[in-house]
Amino acid sequence: MTKSISGHAKDLGDNFIIRRVLPALEKRSIGPFVFFDHFGPVPIVTGNELSVRPHPHIGLATITFLYSGVVCHRDSINVEMDIRPNETNWMTAGSGIVHSERSKFDSKYEIIEGIQTWVALPKEKETIEPSFQHLSELEIPKLEQDGYIFRLLGGSFLDLISPAQVHSPLFYADIEIPSHTNHINWKLSDHEEAGLYIARGSVESEGITYGVGSMIVFDQGTTISFKSNEKSRLMLLGGKPLPEKRHLYWNFVATNMDSIEKAKERWAKDEFPRVPNETERIPLPPH
């Protein structure tokens, strides 16, 4: 029987709405993916609709993908990079990184909307050196067939291999369906699980129709099976689950709580590296 997760809305302030899908009570992670947010769509009026002040991460990689708008990424390893639609930012936190994310005005875009996910790093790589990789639309492998456009943002799938630097077996893809598509069936290996998120439009799987905000979950060794009768935008994510449980606190991910407690103390004492050209910072949550 097909399982699904429904994202819940959260207001990050100033009426900037996101839909959080992972982690969920029904499913804490899918493959190595431990966090999934759909932000927007929010109308662009000033260009400052998204303003996330500097904040820290450990033990994970963040992946940002935009449908519309422009976001400027700045981090503590001296990277400043604008991301635009159909591009990705892969930021590997490892032992610790600090970054900010701020939208910018561009007359080409009326809304800001995108997806941010977190991938937990393998236990032996939780403390690697932080790094950043930007992939332009031209660098992202693309397949067009059977009524859909498939962009592989990370990992390997459908005989495509992404240039994104990943640290465990995974796949992450944007699927654009211009009008409709015939039934699609992709078999998972015995060690792979997957989630299919509906960002726009709708899909049908095993006789059930799923709309925006739903993620269909496919267990290890099953078949990703769906069709769409309308213009839709989907995100496919998954891979081999990591063997250890992950602890999540605020922006920190780790296999043990001691690492998280140390990161909390470092941030509270302002011991993380700073982001150039940024003077603000998000304080440690009180709980």
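Residues numbered from 1 in each chain as written. Predicted model: local features only at pLDDT ≥ 70, side-chain atom pairs only at ≥ 80, totals over all residues. Heavy atoms only, no water.

## So, the pattern of salt bridges
Tallied over the entire structure, the rule returns 22 salt bridges. Residue Arg74 is joined to Glu278 by a salt bridge in which the shortest nitrogen-to-oxygen separation is 3.5 Å. Separated by 204 residues along the polypeptide, Arg74 in strand β7 (residues 70-75) and Glu278 in the segment after α1 (257-268) bring together distant segments of the chain. Here the two residues Arg74 and Glu278 agree in accessibility, since each one is buried. The salt bridge partner of Arg246 is Glu244, with a shortest N-O separation of 3.1 Å. (Salt bridge = Lys/Arg side-chain N within 4 Å of Asp/Glu carboxyl O. Helix = DSSP H or I, 4+ residues; strand = E, 2+ residues; numbered from the N terminus. Buried < 20%, exposed > 50% of the residue type's maximum accessible area, 1.4 Å probe, protein only.)

## Concerning the environment of Leu153
You can see Leu153 is positioned in strand β14 (residues 148-157). Sequence-wise, Leu153 and Pro23 are 130 residues apart; in three dimensions their C-alpha atoms are separated by 21 Å. When near neighbours in sequence (up to four residues on either side) are disregarded, Leu153 contacts Phe65, Thr88, Trp90, Leu135, Ile140, Ser162, Ala164, Tyr172, Ala173, Asp174 and Met235. (Contact = heavy atoms within 4.5 Å.)

## Examining the side chain of Thr64
Within the element layout of this structure, Thr64 appears in strand β6 (residues 60-68). At 2.9 Å, the side chain of Thr64 and the side chain of Gln116 are in polar contact. Apart from residues no more than four positions distant in its own chain, Thr64 is found in contact with Phe39, Ile83, Glu87, Thr88, Asn89, Glu101, Ile115 and Gln116. (Polar contact = N/O pair within 3.5 Å; in protein donor to acceptor, adjacent residues only side chain to side chain.)

## Considerations on the pairing of strand β11 (residues 111-120)
Most of β11 is tucked away, with nine of its ten residues classed as buried. The pairing of strand β4 (residues 33-43) with β11 spans eight bridges and is antiparallel. Each bridged residue has a counterpart across the sheet, and for His38 the counterpart in β11 is Ile115. Looking at chain direction, β6 and β11 are connected through eight bridges and run antiparallel. From the neighbouring strand, Phe65 faces β11, where its bridge partner is Ile115. (Pairing = 2+ DSSP bridges.)

## What about the packing of aromatic side chains?
Here the structure, examined in full by the defined rule, presents 14 aromatic pairs. Each ring, one from Trp186 and one from Phe226, has its centre 5.7 Å from the other, and the planes form 75°; the classification is edge-to-face. You can see Trp186 sitting in strand β17 (residues 181-187) and its partner Phe226 sitting in strand β22 (residues 223-228), a full 40 residues away along the chain. We classify Phe226 as buried; its relative accessible area is 0%. Judged by centre distance (6.4 Å) and plane angle (5°), the ring pair of Phe252 and Phe272 falls under stacked. On the criterion of sequence distance, the pair formed by Phe252 in strand β25 (residues 252-254) and Phe272 in the segment after α1 is long-range, its members being 20 residues apart. By relative accessible area, Phe252 is classed as buried at 0%. Each member of the aromatic cluster is reached from another via a ring pair, and the members are Tyr148, Phe150, Phe157, Phe171, Trp186 and Phe226. Above the plane of the ring of Tyr249 lies Lys264, whose end atom (NZ or CZ) is 4.3 Å from the centre. Over the aromatic face of Phe272 sits the side chain of Arg266, whose NZ or CZ is 3.9 Å from the ring centroid. (Phe/Tyr/Trp six-rings, centres within 6.5 Å; stacked < 30°, edge-to-face > 60°. Lys NZ or Arg CZ within 6 Å of the ring centre and 35° of its normal.)

## A look at the sheet that holds strand β9 (residues 88-92)
Pairing between sheet strands relies on hydrogen bonds along the backbone, with the strands arranged either parallel or antiparallel. Read from one edge to the other, the open sheet built from seven strands follows the order β2-β3-β4-β11-β6-β9-β12, with strand pairing classed as antiparallel. Two strands close off the open sheet at either side, each with one partner strand: β2 (8-11) and β12 (131-135). The mean angle between the axes of side-by-side strands here comes to 20°, regardless of whether they run parallel or antiparallel. In the sheet, strand β3 (residues 17-22) pairs with β4 via four bridges, with the strands oriented antiparallel. When the bridges of β4 are listed, Arg20 appears paired with Asp37. (Axes fitted to C-alpha atoms, helices over the stretch in contact; angles between N-to-C directions.)

## Focus: unusual backbone geometry
Of all residues except glycine, most have a negative phi; of all peptide bonds, most are trans. The peptide bond linking Leu22 to Pro23 adopts the cis configuration, its omega dihedral lying at -5°. Look at the link from Gly40 to Pro41: it is a cis peptide, with omega at 0°. You can see Pro41 is positioned in strand β4. Positive phi outside glycine occurs at Asn86, with the angle close to 70°. Among the structural elements, Asn86 can be located in the loop between β8 (80-83) and β9. With a relative accessible area of 13%, Asn86 lands in the buried category.

Read these as geometric descriptors, not functional statements.
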